[in-house]
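Observations on chain architecture
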Amino acid sequence: MDCVSPVLDILTRLWDCTATNSSYIRHLKKNLKSLSEARRELEDLSEDVNRRVEEEEQQQRKRKKVVQGWLDAVESQIKEVDVILRKGEEEVPKKCLGSCCIYNCYSGYKIGKKVINKIRDVKELIKKGEIFENLQVTYKLPRPTVDGMVMEETVGFDSMLDEVWGHIADYRCRIIGLYGIGGVGKTTLLKKLNNKFLDINHHFDLVIWAAVSKEANLEKIQEAIRKKLNISDQMWKNKGEEDKATEILISLRSKRFVLLLDDVWERLDLSKIGVSLYDNQNGSKIVFTTRSQEVCGQMGAHRRFKVECLSPEASMDLFRLTVGEDVFNSHPEIPRLAQIVVEECQGLPLALITVARAMSSRRGPREWQHAIDELQSNPFRFAEKGEYSEDFVVMHDVIRDMALWLASNECKIVVLEDDKSSQQNKSDDFKEAFRVSVWGSGVEILREAPSCPQLRTLLIRFSELEKFPSRFAKSMHALAVLDLSYNLDLVKLPEAIGKLINLCYLNLSNTRIGQLPTGITYLKNLKILRLDGMRYLAFVPCQVISSLSSLQVFSWFSTELVELHYVDSTSVLAELESLENIHDISVTLCNVDAVNRVKSSPKLQSCIKRLAVVLMASFLLPLDLRMDHLETLEIDRCSLESKNDYFGDQGRTRTYCFRNLRHLSVKTCPCMTDLKWIRYAPNLQFLYVSYCPRLSEIIGTYESPGTSEIEESQDFFSNLMVIDLRHLPSLTSICCGVVPFPSLQTISVNGCPSLRKLPLNSGSAKNSLNAIRGSREWWDRLEWEDEDTRNVFASKFLEL
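The notes below deal with the structure included here. Every value quoted in this text rests on a predicted model; they were computed, and no experiment measured them. (Residues numbered from 1 in each chain as written. Predicted model: local features only at pLDDT ≥ 70, side-chain atom pairs only at ≥ 80, totals over all residues. Heavy atoms only, no water.)

**What to know about the overall build of the protein**
A count of helices and strands for the protein gives 24 helices and 27 strands. The long-range share in the protein, meaning contacts at least 24 apart out of those at least 6 apart in sequence, stands at 63%. (Helix = DSSP H or I, 4+ residues; strand = E, 2+ residues; numbered from the N terminus. Contact = heavy atoms within 4.5 Å.)

**Remarks on the packing of aromatic side chains**
Within this structure, the stated rule accounts for nine aromatic pairs. Measuring from centroid to centroid gives 5.3 Å for tryptophan 779 and tryptophan 784, while their planes differ by 65°, and the two rings are edge-to-face. Ring centres of tryptophan 779 and phenylalanine 797 lie 4.5 Å apart, and the angle between their planes is 20°; this geometry places the pair in the stacked category. Highlighted residues: tryptophan 779 in helix H23 (residues 776–781) and phenylalanine 797 in strand S27 (residues 797–799), separated in sequence by 18 residues. (Phe/Tyr/Trp six-rings, centres within 6.5 Å; stacked < 30°, edge-to-face > 60°.)

**Quick notes on a negative patch on the surface**
A contiguous patch of negative charge, built from Glu41, Asp44, Glu47, Glu130 and Glu133, is present on the exposed surface. Ranked by residue count, the leading element in the negative patch is helix H2 (residues 28–57), at three residues. For glutamate 130, the position within the fold is in helix H4 (residues 102–130). Exposure remark for glutamate 130: the relative accessible area of 37% places this residue in the partly exposed category. (Patch = residues over 30% accessible without salt bridge, like charges linked within 9 Å, V, L, I, M, F, W, Y side chains within 5 Å. Areas by Shrake-Rupley, 256 points an atom, 1.4 Å probe, with all protein chains shown as cover. Salt bridge = Lys/Arg side-chain N within 4 Å of Asp/Glu carboxyl O. Lys, Arg positive; Asp, Glu negative; His and termini not counted. Charge placed at Lys NZ, Arg CZ, Asp CG, Glu CD. Buried < 20%, exposed > 50% of the residue type's maximum accessible area, 1.4 Å probe, protein only.)

**Quick look at helix H7 (residues 218–229)**
Over its 12 residues, H7 extends 16 Å from the first C-alpha to the last, a length consistent with the 16 Å expected when each residue adds 1.5 Å. Buried within H7 we find Leu218, Ile221, Gln222, Ile225, Arg226, Lys228 and Leu229. Down the axis of H7, the buried set is contained in an arc of 160°. They therefore lie on one face. The distance from a side-chain oxygen at the start of H7 to the backbone nitrogen of glutamate 219 is 3.0 Å, and the residue carrying that oxygen is asparagine 217. Just downstream of H7, asparagine 230 is the residue with a positive phi angle, here 60°. (Expected span 1.5 Å × (residues − 1). Arc of directions from axis to C-beta. Polar contact = N/O pair within 3.5 Å; in protein donor to acceptor, adjacent residues only side chain to side chain.)

**Thoughts on the side chain of glutamine 222**
With respect to the secondary-structure elements, glutamine 222 resides in helix H7. A distance of 3.2 Å separates a polar atom in the side chain of glutamine 222 from the backbone oxygen of lysine 272. In this structure glutamine 222 touches Trp236, Glu241, Lys244, Ala245, Ile248, Lys272 and Ile273, once residues within four positions along its chain are discounted.

**A short note on the environment of phenylalanine 686**
Checked against the element boundaries, phenylalanine 686 lands in strand S21 (residues 686–690). Look at phenylalanine 686 and you get buried, because its relative accessible area is 16%. Separated by 54 residues in the primary sequence, phenylalanine 686 and threonine 632 place their C-alpha atoms 9.4 Å from one another. Not counting residues up to four positions away in its chain, the partners in contact with phenylalanine 686 are Arg662, His663, Leu664, Leu720, Met721 and Val722.

**Observations regarding the side chain of arginine 63**
With respect to the element layout, arginine 63 can be found in strand S1 (residues 61–63). Within the local environment of arginine 63, its side chain forms a polar contact with the side chain of glutamine 68, the two groups lying 2.7 Å apart. Not counting chain neighbours up to four residues away, the residues in contact with arginine 63 comprise Asn50, Val53, Glu54, Glu57, Gln68, Leu71, Val137, Thr138 and Tyr139.

**What to know about the pairing of strand S26 (residues 771–774)**
Of the pairings in the sheet, the one linking strand S25 (residues 746–750) to S26 comprises three bridges and is parallel in character. Bridge assignment links serine 748 to a residue of S26, and that residue is arginine 773. Where S26 lies against S27, three bridges are found, and the strand directions are parallel. What sits directly across from isoleucine 772, in S27, is phenylalanine 797. (Pairing = 2+ DSSP bridges.)

**Notes on the sheet that holds strand S7 (residues 303–306)**
Strand order in the open sheet formed by five strands is S4-S5-S6-S3-S7, with parallel pairing between adjacent strands. The strands lining the two open edges of the sheet, one partner per strand, are strand S4 (206–213) and S7. Sheet twist, expressed as the average angle between the axes of neighbouring strands with direction ignored, equals 15°. Where strand S5 (residues 257–264) lies against strand S6 (residues 285–290), five bridges are found, and the strand directions are parallel. Paired with valine 264 across the two strands is threonine 290, which belongs to S6. Along the sheet face, helix H5 (residues 158–168) touches strand S3 (175–179), S6 and S7 and points at about 175° away from the line of S7. (Axes fitted to C-alpha atoms, helices over the stretch in contact; angles between N-to-C directions.)

**Focus on a positive patch on the surface**
Taken together, Arg86, Lys87, Lys110 and Lys114 make up a surface patch of like positive charges. When you line up the elements, lysine 114 lands in helix H4.

**Digging into the pattern of salt bridges**
Inspection of the entire model under this criterion finds 29 salt bridges. A salt bridge links lysine 228 to aspartate 147; the shortest N-O distance between them is 3.3 Å. In this pair, lysine 228 sits in helix H7 while aspartate 147 sits in the loop between strand S2 (138–140) and H5, placing the two residues 81 residues apart along the sequence. Between glutamate 325 and arginine 320 there is a salt bridge whose closest N-O contact spans 2.8 Å.

**Notes on the packing of H5 against helix H6 (residues 186–199)**
Here H5 crosses H6 at 60°, and the two axes come no closer than 10 Å. With respect to H6, the element H5 is oriented oblique. Relative to H6, H5 is oriented so that their crossing is right-handed. Contacts between H5 and H6 pair Asp158, Met160, Leu161, Asp162, Val164, Trp165 and Ile168 from the former with Leu189, Lys192, Leu193, Lys196 and Phe197 from the latter. Residues of the contact of H5 with H6, tallied by class, amount to eight nonpolar, no polar and four charged. (Parallel < 35°, antiparallel > 145°, perpendicular 65-115°, else oblique. Left-handed = near helix turned anticlockwise from the far one by under 90°. Nonpolar A, V, L, I, M, F, W, Y, C, P; charged D, E, K, R; others polar.)

The values are spatial; any link to function lies outside them.
Following this line, the structure appears as structure tokens:
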């Protein structure tokens, strides 16, 4: 027995060892599957952690070293696993053949053991990675000393920038004010100053930018400073304005800083923000911009710089830079016309940039001359983000300041919005005023107003005016501009209107006047007459228009308030045709005679800029005409069809008879089937189509007349900005194929259930599109060129 026990123990140990080692071979296939599953779990976890890290890194954060170390380990481990899996898959068939040679057993044992060990390593790595689900994987980066400001190339600021920078280096100059009119470039100069800190070595710890604006919000300014100082959310939240100011003051005390405050309108109490230069031993600075030199004094500026308009040479350089050399050199006449445009802008950078951008798509001298006319008569058409119509303008306050500045050399301007202030003071103002604007109940002052011998401009709009006083008309011999539009209670003009012999501009739009006084025939200097939205004026008496020998602009058109359903414009057109100086006509055609008058008159065709065709039982669009100046076309409730024989001579080559058409509105045309003719309007910008039940396509595929060539749709939409389609049940196609739409900003679709595809791919409207509006049901049913296209435009969808 003493000999047996040791032998049994040895045999047991040998058996255990043999059984364990043989399991490496016997369970190889099962273990390979387990390793593959563990690998997939590790890879998924790694992708989740990496995605989270990358998202946080977009928010000025940096990944922790322990996280990067784990990701590196995962990458290395997966490579090793792939090698083992490949070798294991090669070993499995050998086992299946039942081979039991020493070499195969040993190799199977070796790979089997590696598989088991690697499963353990992978699971260990998974366990470590799961910890990151409840831990921060990144840490917040400290803000850089200076945040660079995105800027376009500038002209004419270098010398002033150098001068301001010289005072930044002056230890004694703590507060610097930059002042000047709106749009002159103060913010641009401040941005250049900010970015100069990026390019030059300096001794400041940080540079802080804060926008102030007209309605100064101290909390907003504090927030901008707080972010730059990296004060944590935990320390900041639930604190009041005073406590926040204290926190900022403590943080700034040990730092040498530059605070840049943009657009200060009135004195700021910096102590309420938490900023103090009292006993300023470290050389910190405050630089601000304002429109008022007085504010510079109130802010305690030690040095004040007036930002001036650009010189004529710099003005041309800036304009040329913005409009582009290709446009500037596209025609020999354009440099001369550009000089006129630049002179109109009078060195104001905002005006130069705004107008240059508007001109950057115009390459012909006629287009430039037209734009110059608009700039001189209606400069609001060139505003950056404003709205406008013939009746009102909503503009950026800087554009408004520009307009006031351009008028600043003239005499007194009086604006009356109510009748609450002193009547005597207002009467005194009237005596000296060159320009008066009256709104609302302010019209009451007209009943007591004295004579106004110097008055040149009188605007009475949106008021309670019922009758224009004859006495008032007789006393304004110098009056050149009279605007009585939007006085919805005004029913009559006095015959004394004829006494205004110097009147050049008369606007009676959106009034209830039913008959024009014969006294108008005496207005021999009248150049502009607007009768838009006058629904009670069914006709204009004979010989009234033809007697206005100086008339250049005539408008009898619908407005956003009033649509003109029926006007008899036939005789008016005949009289307009007889005028030598007329060049701008807006008119509504409601009968065949009026249409025929236009078709038979090359002069009228060349002068009409806005045309509305309304309530025509049968109307053939005169595409064989040359209406080169037409900018707006409205077709409403007409039996207009779309047949090839409506499109002029079939044998001629393609011409653009509507080359300046920019606004097209077609509504309630029951017979309309397509709008193929808009190929004759290459500069179309706004397209509105509604309530045309048979309309099935806008352009579609089109075969050129007399050839088998199929024309592309792409060329026809290069300037299109807005597409608005409403209640078109049969519409299936906007156009054939995919279109770049380089200028498109908005697509609105409502009540067009058959429109299942838009002519877009992932590169269409790449830098211009703001929104695609429609119902959720319509959007979900849209078909796309490919998945990339769907993904590109998904963020642009806005549900109606």
